[in-house]
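# A closer look at the structure
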Amino acid sequence: MLALTQSTTFLIGPIAKLLGLIMEGIYRFLDMLNYPDIGLCIMIFTVVVYLCMFPLTLKTQKFSKMSQIMNPEIKAIQDKYKDKKDQDSMMQQNDEIRAVYEKYGTSPTGGCLQLIIQMPILFALYRVIMNIPAYVKPLKDIYESVALTIQGSSFADKFTDMVGSSVSKFNIGDSNKIIDGLYKFSTSQWKELGSCGVDAIEKAATSAYNELHPILTFFGINLSEAPSTIITNAAKNVGSDKSQILIIIVAVAIPVLAGVFQYLQTKLAPSTNTQQSGDDNAMMASMKTMNTIMPLMSAVFCFSFASGLGLYWAFGAFVRCVQQFFINKHLDKVDVNELIQKNLEKVNEKRAKSGLPPKTVSNAAKMNVKSTSFDNEKNKKLEEEKKAKREENIRKSSEYYSTSSESKAGSLRSKADMVKKYNEKNNKK
């Protein structure tokens, strides 16, 4: 796990640079159209990145569909060796489970591999969204004009206090750190910087803010500010400026939509319909709880993080919902036998290169694929038939013993009649 984390961290930097080039390209394109808007830039950037990751997402979903067929067989093998803990039995269990994966032309790591590949991409994506000026040079140039003015001035210590803990390992001698701090400034902090008493800084800050304000504003809100800050400031001025109501609505909508779309995504995600054991049921219950809690936590976090990140979360979840909808439509039309055959062809190509004989799907496996989807319905039908038969026997028995003469129910005579009928019935048999 430590090695995986270290390798992921090692990959984040180069991937972030690549994603930064994509972000910068989108920004320059919008700038050519005289519409340099960071909000729109984030939305287009999100679509492009998720389209690039779509093949990996589709492979993961195909593995999930295959798992629905394999899991009953794997579960049966695990139950078979449940009480056998000796080494030979454990090795035999592993061999049988491995045979199931080979039979369907996949592997236990089939779903994990795509997730491992996506992990550094998603981490790099957050890094770009959180520090856009570091990757978009036209924006960086605007901030840098202020950063260079602050460096070496008498206002440097005061600026360090203004940044506070919003930038890790802040160093006033590093212009990039100053830019990171400026990107997180609220409107009130920009105004404070514009009236700091140092003429050069005031001019640079005012000029930069006037240029940055329309770029960072999305439906009236500053994407570098947290929704909680925006709502607080807008609520103070709502009495004198009714337009602040729209700003409050947008600031609230971003975290709410982030939570709603993430919740919808969990509902659209495929789930297995196979019978579950007690432990599996407990695990499924925990997953359902997490699927409810995580969207709520995302909404809460979005209130305290920069609105730009919240916009990415909300729109990213929306894009994933759309992707999942079409993936579900596609997988519903996929013939499972064809999918298994394609997987086997890939496995056999690798086996041929290693000089191994090809694998084939047994008739039993094909029958399993065809019958798995009907197993639950068949079992349910059998249970209903057994229940109906029991109820019919009870009804007939009740009618037989209740057809007595004029005996009063519960009387001694009625009980004697029931004993008589019981003896008659058994003597006939």
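Within any chain, residue numbers begin from 1 and follow the written order of that chain's sequence. Predicted model: local features are reported for residues with pLDDT of at least 70 only, side-chain atom pairs are reported and counted for 80 or more only, and whole-chain, interface and lining totals are derived from all residues. Hydrogens and water molecules were not included; the side-chain quantities draw on all heavy atoms of the structure.

### Overview of the overall build of the protein chain
Of regular secondary structure, the protein chain possesses 17 helices and two strands. Relative accessible area decides the class of each residue, using a 1.4 Å probe on protein chains only: under 20% of the type maximum gives buried, over 50% gives exposed, and in between gives partly exposed. Taking all 429 residues of the protein chain together, 36% fall into the buried category. Note on areas: Shrake-Rupley with a 1.4 Å probe; residue coverage comes only from the protein chains shown. Carbon together with sulfur atoms contributes 60% to the accessible area of the protein chain, which is approximately 25800 Å² in total. Secondary structure follows DSSP: runs of H or I at least 4 residues long count as helices, runs of E at least 2 residues long count as strands, and numbering of each begins at the N terminus.

### Thoughts on the pattern of salt bridges
Each reported salt bridge corresponds to a side-chain nitrogen of Lys or Arg within 4 Å of a carboxyl oxygen of Asp or Glu. Using the criterion set out here, one finds seven salt bridges in the structure. Close ionic contact of Lys 75 with Asp 79 constitutes a salt bridge, the shortest N to O distance being 2.9 Å. Here Lys 75 and its partner Asp 79 are both found in helix α3 (residues 54-80), four residues apart, which amounts to about one turn of the helix. Accessibility expressed as a relative area gives 24% for Lys 75, which makes it partly exposed. Here Asp 95 and Arg 98 are joined by a salt bridge, their closest N and O atoms 2.4 Å apart. Of this pair, Asp 95 and Arg 98 both sit in helix α4 (residues 87-103), three residues apart, which is roughly one turn of that helix.

### Notes on α3
Expected span of a helix, by definition, is 1.5 Å for each gap between consecutive residues, and there is one gap fewer than residues. With 27 residues, α3 extends 39 Å between its outermost C-alpha atoms, agreeing within 8% with the 39 Å of an ideal straight helix rising 1.5 Å per residue. At Met 70, α3 shows its maximal kink, close to 40 degrees; a proline, Pro 72, follows between one and four residues later. For a residue, the bend is simply the angle between two axes, fitted respectively to the seven-residue segment ending there and the seven-residue segment starting there.

### Examining the packing of helix α2 (residues 38-52) against helix α14 (residues 307-333)
Axis definition: a line fit to C-alpha positions, over the contact stretch in the case of helices; interaxial angles, taken between N-to-C directions, run 0 to 180 degrees. Relative to each other, α2 and α14 sit at 40 degrees, their axes nearing to 9 Å. In terms of their interaxial angle, α2 and α14 are classed as oblique. Like other packed secondary-structure pairs, α2 and α14 cross with a definite hand, here right-handed. Between α2, through Gly 39, Ile 42, Met 43, Thr 46, Val 47, Tyr 50 and Leu 51, and α14, the contact on the second element is made entirely by Gly 308, Leu 311, Tyr 312, Phe 315, Gly 316, Val 319, Arg 320 and Gln 323. Only Asp, Glu, Lys and Arg are considered charged in this grouping, and only Ala, Val, Leu, Ile, Met, Phe, Trp, Tyr, Cys and Pro are considered nonpolar; every other residue, Gly among them, is considered polar. Residues that form the contact of α2 with α14 fall into these classes: nine nonpolar, five polar and one charged. Should an angle fall under 35 degrees it is taken as roughly parallel, and over 145 as roughly antiparallel, whereas 65 to 115 is taken as roughly perpendicular and any remaining angle as oblique. Crossings are classed by handedness, with left-handed meaning an anticlockwise turn of the near helix from the far one by less than a right angle and right-handed meaning a clockwise turn. Two residues form a contact once any of their heavy atoms are found within 4.5 Å.

### Comments concerning the environment of Val 336
Tracing the backbone shows Val 336 in helix α15 (residues 336-353). On the basis of relative accessibility, which here comes to 17%, the residue Val 336 falls in the buried class. Along the primary structure Val 336 and Lys 65 are separated by 271 residues, whereas in three dimensions their C-alpha atoms are 8.6 Å apart.

### What about a positive patch on the surface?
On the surface, Lys 59, Lys 342, Lys 346, Lys 350 and Lys 353 cluster together into a positively charged patch. Here the element with the most residues in the positive patch is α15; it accounts for four residues. Relative to the assigned elements, Lys 59 resides in helix α3. The exposure class assigned to Lys 59 is partly exposed, which follows from its relative accessible area of 48%. Two joining distances apply to patches: 9 Å for like charges and 5 Å for nonpolar side chains (Val, Leu, Ile, Met, Phe, Trp, Tyr), and every residue must have over 30% relative accessible area and no salt bridge. Note that His is not counted, nor are the chain ends; the positive residues are Lys and Arg, and the negative ones are Asp and Glu. Every charge is mapped to an atom, namely NZ of Lys, CZ of Arg, CG of Asp or CD of Glu.

### Quick look at the packing of aromatic side chains
Stacked, tilted and edge-to-face pairs are distinguished by plane angle, under 30 degrees for stacked and over 60 for edge-to-face with tilted covering the rest, among Phe, Tyr and Trp rings (Trp via its six-membered ring) whose centres lie within 6.5 Å. Under the criterion given, the structure shown has 13 aromatic pairs. Judged by centre distance (6.2 Å) and plane angle (85 degrees), the rings of Tyr 126 and Trp 313 are edge-to-face. Taken as a pair, Tyr 126 in helix α5 (residues 110-130) and Trp 313 in helix α14 lie far apart in primary sequence, 187 residues in all. Classification of Trp 313 as buried rests on a relative accessible area of 13%. Relative to Tyr 183, the ring of Tyr 143 lies with its centre 6.2 Å away and its plane at 80 degrees, an arrangement referred to as edge-to-face. Taken together, the residues Tyr 143 in helix α6 (residues 137-150) and Tyr 183 in helix α8 (residues 175-183) connect sequence positions 40 residues apart. As far as burial versus exposure is concerned, Tyr 143 and Tyr 183 are alike and both buried. By way of ring pairs, the aromatic residues Tyr 143, Phe 159, Tyr 183, Phe 185, Trp 190 and Tyr 209 are connected into one cluster.

### Some points on unusual backbone geometry
With a phi close to 60 degrees, Asn 34 is a non-glycine residue in the positive phi region. Within the secondary structure layout, Asn 34 lies in the loop between α1 (2-32) and α2. In this structure, Phe 219 is a non-glycine residue whose phi angle is positive, near 50 degrees. Within the element layout of this structure, Phe 219 appears in the loop between β1 (217-218) and β2 (221-222). Phe 219 gets classed as exposed once you look at its relative accessible area, which sits at 61%.

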